[in-house]
Amino acid sequence: MKTDMTIDWDDDESCIVFIDQTLLPGDCRTVRCRDTDRLARAVMRLEIRGAPALGVAGAYGVALAAVTSRQEDLADLLQEVASAAESLKKTRPTAVNLAWGIDRVMERVRGAQDAGDVRRIALAEAKAIAAEDLETCLAIGRHGAGLLPDRCTVLTHCNAGALACTAWGTALGVIRSAAGMGKEVRVVACETRPLHQGSRLTAWELSRDGVDVTVITDSSSAAMMREGEIDLVITGADRITRDAVFNKIGTYMHAVCAHHHGIPFYVAAPFSTFDLSEGERDVVIEMRGRDEIAFCGEKQLVPDGVEVRNPAFDATPLSLVTAVITEEGVISPPFTHHTSPEGEVFKHVTSGDSVTARRPVTHRLKTGVHHTLPSG
Ligand code: MRU
């Protein structure tokens, strides 16, 4: 694996270090981020992007707010950190992991005894979230690799790789793990309009790892499926509600086409991306700016005055998803779910097979308040 950690904490300088993904593939440069305003800008500009990486960014953001604050009074410090946390949460609404990472650290610091304790706890919890992310991706990779035939062509959309996480990746983690088992995996990467996370990031990552990757326009996928050139589809997810998978715009189109051609459509995602208290209609789809479509660098692609509609994500109904590959195993919808002392249990409706999300699952209520489900 040649990619450095996408996002990390520098103990010597007490700052966040991240790869600026807007510069790839031409330039792989890291940024040292010393305040939460800069972090918020990085998240909005997609310098840091991808649901699991956003979870880690949110967690480190809370730690950064605590570490850089001059407040020594516990209540004042908690208030300042909470306000920074709220601002960070607003930067991107669709991927649930951002709020999940922020809330997880905030919940821990509320038990602190003094200001020093807040700083120690926040940083320790953020580092734990970052370390878990790698373990989680490796487990997703292990569970998913078995689903791939020994020789196959996988279509993927956007970037659900090391750059979308701290390392390894979710959808690309499955591909990496399968390749590591000696399977001959060829990847078809959709360029992914509007920001080209597929051609810029997925192709960059995989080619550096020596995986056979071909970039196509998003609109080529149906024709390739019809020609029998795609064996399966694997994408990541930004939020999984009780009825749909939210992922980069265009995912739904690939799912419909895969269904039509009888091609398995897998989603690889950690339990931190699940948000089962919400349904498709509750989720805010992020709308992005006109210029992302109207210009390619300096070149104008849309006439002045013509409107552009630029949603970042779409929803794919679970009925089009063959299975979700999680860190605890593979879940096939339709499934039922309930909480147990161990966490959330997902049970396949017909086979009765079950998978348990061992860590408590943080759910987002319609009010925007986040809370952890009580176990039991
Ligand atoms: O807008 P982005 O780049 O943050 O969106 C990310 C995606 O939609 C990815 O495709 C994804 O699958 C979620 S991250 C593993």
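Being a predicted model, the structure only gives us computed values, none of them experimental.

A. Examining the confidence of the model for the protein chain more closely. Per-chain confidence: the protein chain averages 93 in pLDDT, with 94% of residues scoring 70 or above. Low pLDDT (under 50) marks residues 363-376, which in the prediction has 28 contacts with non-local residues, meaning those over four places away or in another chain.

B. View of the domain arrangement of the protein chain. Split into domains, the protein chain comes out as domain 1 (7-137) and domain 2 (140-326). Taken over C-alpha atoms, the centre of domain 1 sits 26 Å from the centre of domain 2. Between domain 1 and domain 2, the contact holds 25 residues from the first and 32 residues from the second. Every element with two or more residues in the side of domain 1 that touches domain 2 is listed here: helix H2 (51-68), helix H4 (96-109) and helix H5 (115-145). When grouped by side-chain class, the residues that make up the side of domain 1 that touches domain 2 number 16 nonpolar, 6 polar and 3 charged.

C. Representation of the site of the ligand in the model. Inspection of the region around the ligand gives 18 residues, with Arg49, Cys158, Ala160, Gly236 and Lys248 positioned closest. Of the residues that constitute the shell around the ligand, the class distribution is 8 nonpolar, 7 polar and 3 charged. Counting contributing residues per domain, the shell around the ligand is built from domain 1 (7-137) and domain 2 (140-326), each supplying no fewer than three.

D. Broad picture of the sheet that holds strand S14 (residues 323-325). If you trace the 7 strands from one edge of the open sheet to the other, you get S6-S5-S4-S7-S10-S14-S15, paired in mixed fashion. With one partner strand each, in any of the chains shown, strand S6 (212-216) and strand S15 (330-331) form the two edges of the open sheet. Two strands pair when backbone bridges link them, and strand S7 (residues 232-235) and strand S10 (residues 265-268) are joined in this way by 3 bridges, in the parallel orientation. Paired with Val233 across the bridge in S10 is Phe265.

E. Here's a closer look at unusual backbone geometry. Omega for the peptide link from Leu24 to Pro25 comes to 5 degrees, which places this bond in the cis form. For the peptide bond that leads from Pro333 to Pro334, omega is 0 degrees, which places it in the cis range. Of note, the phi angle at Ser14 is positive, near 50 degrees, even though the residue is not glycine.

F. Representation of the pairing of strand S4 (residues 151-156) within the structure. Pairing geometry for S4 and strand S5 (residues 184-190), over 6 bridges, is parallel. Note on S5: the bridge partner recorded for Thr156 is Ala189. In this fold, S4 hands off to helix H6 (residues 171-180), which returns the chain to S5; that crossover is right-handed. Here 2 bridges tie S4 to S7, and the two strands are oriented parallel to one another. Following the sheet pairing, Leu155 is matched in S7 by Val233.

G. Structural detail: the environment of Arg288. Within the secondary structure layout, Arg288 lies in the loop between S10 and helix H10 (291-294). For the pair Arg288 and Pro194, spaced 94 residues apart in sequence, the C-alpha to C-alpha distance is 9.4 Å. Leaving out residues up to four positions away in the same chain, Arg288 has contacts with Asn310 and Ala312.

Procedures and definitions
- Residues numbered from 1 in each chain as written.
- Predicted model: local features only at pLDDT ≥ 70, side-chain atom pairs only at ≥ 80, totals over all residues.
- pLDDT = per-residue confidence, 0-100.
- Contact = placed C-beta atoms within 7 Å.
- Domains from an automatic or database assignment.
- Helix = DSSP H or I, 4+ residues; strand = E, 2+ residues; numbered from the N terminus.
- Nonpolar A, V, L, I, M, F, W, Y, C, P; charged D, E, K, R; others polar.
- Near = placed C-beta within 6 Å.
- Pairing = 2+ DSSP bridges.
- Right-handed = clockwise from strand over helix to strand, strands pointing away.

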